[in-house]
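# Analysis of the macromolecular model
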Amino acid sequence: MKAVALTRYLPIDDPESLLDVELPDPAAPQGHDLLIQVEAISVNPVDTKVRAPKPNVEAQPRVLGYDAAGIVLAVGDAVTRFKVGDRVYYAGDITRPGSNAQLQLVDERVTGHAPRSLDAAQAAALPLTAITAWELLFQRMPYDADQGGIGKTVLVIAGAGGVGSIAIQLARRAGFNVIATASRQETIDWCRAMGAHEVIDHRQPLLPQLQALGHAQVEAVLNLADTDRYWDAIGELLAPQGHVGLIVEPSGALKIGDPYKAKCISIHWEMMFARPRFQTADMVEQARILDRVAKLIDAGELRGTHSATLGKIDAATLREAHRRLESGSTVGKLTLAGW
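Residues numbered from 1 in each chain as written. Predicted model: local features only at pLDDT ≥ 70, side-chain atom pairs only at ≥ 80, totals over all residues. Heavy atoms only, no water.

## Observations concerning the overall build of the protein chain
Of the regular secondary structure elements, the protein chain holds ten helices and 16 strands. The globule rule puts the C-alpha radius of gyration for 339 residues at 20 Å, and the 20 Å found for the protein chain is close to it. Considering only C-alpha atoms, the protein chain reaches an extent of 60 × 45 × 35 Å along its principal axes. Within the protein chain, the fraction of its 339 residues that count as buried is 54%. Residue pairs at least 24 apart in sequence account for 71% of intrachain contacts in the protein chain once pairs closer than 6 positions are excluded. Total accessible area on the protein chain stands at roughly 14100 Å², and carbon and sulfur atoms take up 51% of it. (Helix = DSSP H or I, 4+ residues; strand = E, 2+ residues; numbered from the N terminus. Rg over C-alpha atoms; globule rule 2.2 N^0.38 Å. Buried < 20%, exposed > 50% of the residue type's maximum accessible area, 1.4 Å probe, protein only. Contact = heavy atoms within 4.5 Å. Areas by Shrake-Rupley, 256 points an atom, 1.4 Å probe, with all protein chains shown as cover.)

Quick look at the structure:
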């Protein structure tokens, strides 16, 4: 099978950072595994972080990629949720070979039925970010997916990114008053298109901007960007007994005393690979989330977050996708489709 892989961890402008390779096809699926024919993929910050320069050298080509859509070619003997020919989408498992390959083995318990109303590229843009936003808002934080935000305000820092784009929609659907952050006209417009009621600039002090909108404090914050940079500001603007959700590892120690202690602020970490990585008893919850999101997409209650398809799946195009993502200026999700 064709694949895009690495053996060394290099800067993305190095043509050896991602390579076109041919690898043996995966073995026949066993247990809960599905054998997927990959039709489209998308890129996420985790791809660039895993690929980031370091001295390691892989003995065998390593395939990255943690978002895909495709067709089920074969199923393991314990599979109950899928059959050959089903269209699926998934983020997979960071401990296994990724989706930047024509064929991939994926556990059915982290796989969803793809939205019928989206093509493969549009569907591939959703899984990792949708699972991340859903788990953080409705499973890590104590809010109901359908009406848990009524009467509450949530601040979404980095609203135009992949996770922010779906988090804005999920929060608004749950009844929250949604304030997003963005700093360019393009990203401001995107956040509003995703459903943000208001948009403020994350390059400027946050609290004065919230106060100018009539919000002395908010009940929840999703910090989807720099954890260290916004930590003090979040403690200041969160209401007593508020909630902060985090997805980015801090560069150093975080001060969790006052005002966090004084206000009894709850801190919630989200790592969407935790369930498959540790084979948790409830890992099938990710399949259920993806199926629920697909139904909401098909019903018109959520919209896709795909912003551009750069081309076919090969090393040159994938290097360009990584380069754009590392620039910090992307809006929504970038995808690649076809071989």
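Anyway, onward from the coordinates.
## With respect to the side chain of aspartate 314
Structurally, aspartate 314 is set in the loop between β15 (306-309) and α10 (315-327). Put simply, aspartate 314 is tucked away with no salt bridge, and the nearest opposite charge, on lysine 312, sits 4.2 Å away. Polar contacts involving the side chain of aspartate 314 include one to the side chain of threonine 317, which spans 2.7 Å. Excluding anything up to four places from it in sequence, aspartate 314 contacts Val4, Asp20 and Leu336. (Lys, Arg positive; Asp, Glu negative; His and termini not counted. Salt bridge = Lys/Arg side-chain N within 4 Å of Asp/Glu carboxyl O. Polar contact = N/O pair within 3.5 Å; in protein donor to acceptor, adjacent residues only side chain to side chain.)

## A few points about the packing of helix α4 (residues 162-173) against helix α5 (residues 185-194)
The contact between α4 and α5 brings their axes to 8 Å, and the two run at 35°. Here α4 and α5 pass one another in a crossing that is right-handed. Contacts between α4 and α5 involve Ser165, Ile168 and Gln169 from the former and Trp190, Cys191 and Met194 from the latter. Partitioned by chemical class, the residues of the contact of α4 with α5 number four nonpolar, two polar and no charged. (Axes fitted to C-alpha atoms, helices over the stretch in contact; angles between N-to-C directions. Left-handed = near helix turned anticlockwise from the far one by under 90°. Nonpolar A, V, L, I, M, F, W, Y, C, P; charged D, E, K, R; others polar.)

## Observations regarding the layout of surface pockets
Reported here for the largest pocket is a volume of approximately 1400 Å³. Pro45, Lys49, Leu224, Ala225 and Val248 are, among the 47 residues lining the largest pocket, the residues nearest its centre. Contributing elements (two or more residues each) for the lining of the largest pocket: α1 (45-51), α3 (127-140), α4, α7 (227-237) and α10. At five residues, the largest contribution of residues to the lining of the largest pocket is made by α1. Of the residues in the lining of the largest pocket, the class split is 22 nonpolar, 16 polar and nine charged. When its volume is computed, the second largest pocket comes out at roughly 210 Å³. As for the second largest pocket, its lining consists of 13 residues, of which Met1, Pro26, Pro97, Leu103 and Leu105 are closest to the centre. Of all the secondary structure elements, the ones that give two or more residues to the lining of the second largest pocket are β4 (54-63) and β7 (103-107). Of all the elements, β7 adds the most residues to the lining of the second largest pocket, at three residues. Across the lining of the second largest pocket, the residue classes break down as ten nonpolar, two polar and one charged. (1 Å grid on protein atoms, 1.4 Å probe; cavity = no way out; pocket = protein on both sides within 12 Å on 5 of 7 lines; lining within 4 Å. Points joined across faces, edges and corners; volume = space filled by probe spheres on them.)

## A short note on the side chain of glutamine 209
Looking at where glutamine 209 falls in the secondary structure, it is placed in helix α6 (residues 206-212). A polar side-chain atom of glutamine 209 sits 2.8 Å from the main-chain carbonyl oxygen of aspartate 201. Setting aside chain neighbours within four positions, we find glutamine 209 in contact with Ile200, Asp201 and Gln204.

## Here we look at the packing of α3 against α4
The N-to-C vectors of α3 and α4 enclose an angle of 50°; their axes lie 8 Å apart at closest approach. Judged by the angle between their axes, α3 and α4 are oblique. In this structure, the crossing between α3 and α4 has a hand that is right-handed. Contacts between α3 and α4 pair Thr129, Ala130, Thr132, Ala133, Trp134, Leu137 and Phe138 from the former with Gly162, Val163, Ile166, Ala167, Leu170 and Ala171 from the latter. (Parallel < 35°, antiparallel > 145°, perpendicular 65-115°, else oblique.)

## Digging into the environment of glutamate 285
Assignment of secondary structure puts glutamate 285 in helix α9 (residues 285-298). Through-space distance from the C-alpha of glutamate 285 to that of threonine 111 is 9.8 Å; in sequence the pair is 174 residues apart. In contact with glutamate 285, not counting residues within four places along its chain, are Gln139 and Arg275. For glutamate 285, the side chain forms a polar contact with the side chain of glutamine 139, separated by 3.1 Å.

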